[in-house]
Amino acid sequence: MAGQASGHTLQPTALVHEAWLRLSKNEPGQFAGRAHFFAAAAEAMRHILIDSARRKRAARHGGGQVRVDIEALEIASLANDDELLAVHDALDKLAAEDSKKAKLAKLRYFVGMTFEEAAEVLGISVATAKRHWAYARAFLYEEMRANKTK
């Protein structure tokens, strides 16, 4: 494991456990001695590491992509924490009144879906989605305004 690149996702303990699972599938007592066991364990670990490297290189698994530390990224948020909490509380109240309108509001506000996309997801027409959105926006505005004055 010391020779692996930094950011390797397979932890040493997981590697040993995976190797043990592969080795334990075979019949007990198959190893001629300690050296034979460790040779087989090393071979199993090598295969696990090679398989992992091949999977990571595959295009469908992001092969060729540069690994980015998510902790170092700044998440762009248009709303501050207080506003997000206010929206959350208002959405909970809207969900108690009309869950479909609340789902539409979540799709539009948090996911950024268009009316067409949200309507498809919810199984409603675009016109209905627009009416639900108008109601939900007014409801959320009133709830947030009422909570702000408290």
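You'll find the structure just up there.
Below, the structure is looked at part by part. (Residues numbered from 1 in each chain as written. Predicted model: local features only at pLDDT ≥ 70, side-chain atom pairs only at ≥ 80, totals over all residues. Heavy atoms only, no water.)

A few points about the overall build of the chain
Move 1: Along the backbone of the chain there are 6 helices and 0 strands.
Move 2: The helix and strand sequence of the chain, counted from the amino end, reads α-α-α-α-α-α.
Move 3: Classification of the 150 residues of the chain by burial places 23% in the buried group.
Move 4: For the chain, the exposed area adds up to about 11,400 Å²; of that, 55% sits on carbon and sulfur atoms. (Helix = DSSP H or I, 4+ residues; strand = E, 2+ residues; numbered from the N terminus. Buried < 20%, exposed > 50% of the residue type's maximum accessible area, 1.4 Å probe, protein only. Areas by Shrake-Rupley, 256 points an atom, 1.4 Å probe, with all protein chains shown as cover.)

Section: the environment of M113
Move 1: The residue M113 is located in the loop between α4 (99-111) and α5 (115-122) in this model.
Move 2: For M113, the contacting residues outside a window of four places in its chain are L107, R108, A118 and V121. (Contact = heavy atoms within 4.5 Å.)

Concerning helix α2 (residues 34-57)
Move 1: Taking 1.5 Å of rise per residue, 24 residues should cover 34 Å, and α2 covers 35 Å from first to last C-alpha, within 8% of that figure.
Move 2: Where α2 is buried, its residues meet α1 (12-24). (Expected span 1.5 Å × (residues − 1).)

Points about the packing of aromatic side chains
Move 1: Scanning the entire structure with this criterion turns up 1 aromatic pair.
Move 2: Measuring from centroid to centroid gives 6.3 Å for Y135 and F139, while their planes differ by 25 degrees, and the two rings are stacked. A residue pair is termed a helical-turn pair when its members lie 3 or 4 positions apart in one helix, as Y135 and F139 do in helix α6 (residues 126-148) at 4 residues.
Move 3: The class for F139 is buried, based on a relative accessible area of 16%.
Move 4: Here K101 stacks its cationic end above the ring of Y135, 4.2 Å away from the centre of that ring.
Move 5: Above the plane of the ring of W133 lies R108, whose end atom (NZ or CZ) is 5.0 Å from the centre. (Phe/Tyr/Trp six-rings, centres within 6.5 Å; stacked < 30°, edge-to-face > 60°. Lys NZ or Arg CZ within 6 Å of the ring centre and 35° of its normal.)

A look at the nonpolar core
Move 1: Counting residues in hydrophobic clusters, the biggest one holds 19 residues, and the most contacted among them are L91, L94, L104, A105, A129 and L140.
Move 2: The set of elements that each furnish at least two residues to this core consists of α3 (81-97), α4, α5 and α6.
Move 3: For this core, the element with the most residues is α6, which contributes 5 residues.
Move 4: If sequence neighbours within four positions are ignored, L104 has contacts with A118, L122, A129, H132 and W133.
Move 5: Within the second largest apolar cluster, 8 residues are counted, among which are A40, A44, I48 and L49. (Core = buried A, V, L, I, M, F, W, Y, C linked by side-chain atoms within 4.5 Å.)

Describing the packing of α1 against α2
If you want to describe how two helices pack, look at the angle between their axes and the distance between the axes.
Move 1: Direction vectors running N to C along α1 and α2 enclose 115 degrees, while the axes themselves pass 9 Å from each other. The two elements α1 and α2 cross, and the hand of that crossing is right-handed. Touching L15, V16, E18, A19, W20, R22 and L23 of α1 are F37, A40, A41, A44, M45, H47, I48, L49 and D51, all from α2.
Move 2: Classifying every residue of the contact of α1 with α2 by side-chain character gives 12 nonpolar, 1 polar and 3 charged. (Axes fitted to C-alpha atoms, helices over the stretch in contact; angles between N-to-C directions. Left-handed = near helix turned anticlockwise from the far one by under 90°. Nonpolar A, V, L, I, M, F, W, Y, C, P; charged D, E, K, R; others polar.)

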